[in-house]
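Summary of structural features
Chain by chain, the residues:
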Amino acid sequence: MTDDRIPVSREGERPIGVFDSGVGGLTVVKELFGQLPGENIIYFGDTARVPYGIKSDRTVVKFSLQNSRFLAQFKIKLLIVACNTASAVGLDILRKEFPFPVLGVIEPGARAALRLAKNKRIGVIGTEATVSSRAYVKLIEGINPSARIFSQACSLFVPLVEEGWLEGEITAAVVRKYLSSLKKKSIDSLILGCTHYPLLKPLLQKEMEGIVLIDSAREVVAEAKKVLGDRGMLGAGNRTPYRRYYVSDMPARFVRVGKMFLGEDITPVEQVEIEKY
Ligand code: DGL
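All values reported here derive from a predicted model rather than from experimental measurement.

The final tally for this structure, using the stated rule, is 13 salt bridges. With a shortest N-O distance of 3.0 Å, Arg253 and Glu162 are connected by a salt bridge. Of the two residues, Arg253 is situated in helix H11 (residues 251-262) and Glu162 in helix H7 (residues 157-162); the sequence distance between them amounts to 91 residues.

Now the structure itself:
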């Protein structure tokens, strides 16, 4: 299960905390199941206050601090900010505030794009807030100033995914419309800069034939594995790990929509009063 060249300690038994604005961060949890199956996981989905993607930086930072304080109670060994919007605007503040390592989805996605894009012309799609933060652009240009980044906000993708409209004519038409300008930019990789977009991969790939789609969820979990391995803090793989899910509203909807993201039943799910934190 875990890489046996990497030492495993009791510290490793502490859970990994993951938060997102709602259900979308389960794409990261799914990756954790695949890449780090021995880990205990505590997930918080801010279903009362979703979407973050159209809110101000100040509000998203406030929410991110509250979500992290809630997760910190569980003595987490690492925090993954699964939400691109929160990663784009709040990561530095969270890193200053908490003693555990904090990983966002932007840096691993940006690095993967630079690794995989041969012509260094990279597309980024995300929510309005993520795109207008220019977080991916600043990071990629910071690492490689000769890279060219082309961004596109795709605001309708989140509601379409949450409705379960992952295929079909209407979603295909929306995908086509949003990607039409990116298609003219000769990009050879496209960062899926939002938790929900990996579920649209088949349609996106069909529209962007031959272009490498970069899934930030996969990349951040690879980074988490490295960070924990370097610190000797990987969880042991020889027991059944626990997974707990908390939401700020509508647990029943979270269970229903979340099953689509995770591909399995989600239990237990508890509702918390997040404004208290
Ligand atoms: N989780 C958000 C993101 O990755 C998408 C949903 C929202 O707008 O809150 O940007």
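Let us look at the layout of surface pockets. Considered as a void within the structure, the largest pocket measures approximately 300 Å³ in volume. Pro51, Tyr52, Gly53, Thr127 and Val158 are, among the 20 residues lining the largest pocket, the residues nearest its centre. Looking at the lining of the largest pocket, the elements that each hand over two or more residues are helix H3 (84-97) and H7. It is H7 that contributes the most residues to the lining of the largest pocket, three residues altogether. Taken together, the residues of the lining of the largest pocket sort by class into nine nonpolar, eight polar and three charged. Of the pockets and cavities examined, the second largest pocket occupies roughly 240 Å³.

The next subject is the nonpolar core. As a rule of thumb, soluble globular proteins bury nonpolar side chains together. Counting 57 residues, the largest nonpolar core has Leu26, Val28, Ile125, Phe157 and Tyr245 as the members making the most contacts within it. The contact partners of Leu26, leaving out residues within four places of it in the chain, are Tyr43, Tyr245, Phe254, Gly258, Phe261, Leu262 and Ile266. Counting residues in hydrophobic clusters, the runner-up holds 41 residues, among them Phe98, Ala117, Tyr136 and Val272.

Conventions and cut-offs
- Positions within a chain are numbered from 1, following the residues in the order the chain's sequence is written.
- The model is predicted, so local features are restricted to residues of pLDDT at least 70 and side-chain atom pairs to those at 80 or more, both for listing and for counting; the totals for chains, interfaces and linings are taken over all residues.
- For side-chain calculations, the full set of non-hydrogen atoms in the structure is used, while hydrogens and water are omitted.
- Every case where a carboxyl oxygen of Asp or Glu lies within 4 Å of a side-chain nitrogen of Lys or Arg is listed as a salt bridge.
- Helix and strand assignments come from DSSP, with helices taken as H or I runs of at least 4 residues and strands as E runs of at least 2, each series counted from the N terminus.
- We place a 1 Å grid over just the protein atoms. Points where a 1.4 Å probe fits but has no way out form a cavity, open points with protein on both sides within 12 Å along at least 5 of 7 lines form a pocket, and any residue with an atom within 4 Å of a point lines it.
- Grid points are joined across faces, edges and corners, and a volume is the space filled by probe spheres set on the points.
- For this scheme, ten residues count as nonpolar: Ala, Val, Leu, Ile, Met, Phe, Trp, Tyr, Cys and Pro. Four count as charged, namely Asp, Glu, Lys and Arg, and the remainder, Gly too, count as polar.
- Throughout this description, the term nonpolar core refers to a set of buried Ala, Val, Leu, Ile, Met, Phe, Trp, Tyr and Cys residues connected via side-chain atoms within 4.5 Å.
- Throughout, exposure labels follow a simple rule: accessible area from a 1.4 Å probe, protein chains only, divided by the maximum for the residue type, with under 20% read as buried, over 50% as exposed, and the rest as partly exposed.
- Any two residues whose heavy atoms approach within 4.5 Å at even a single point are treated as in contact.

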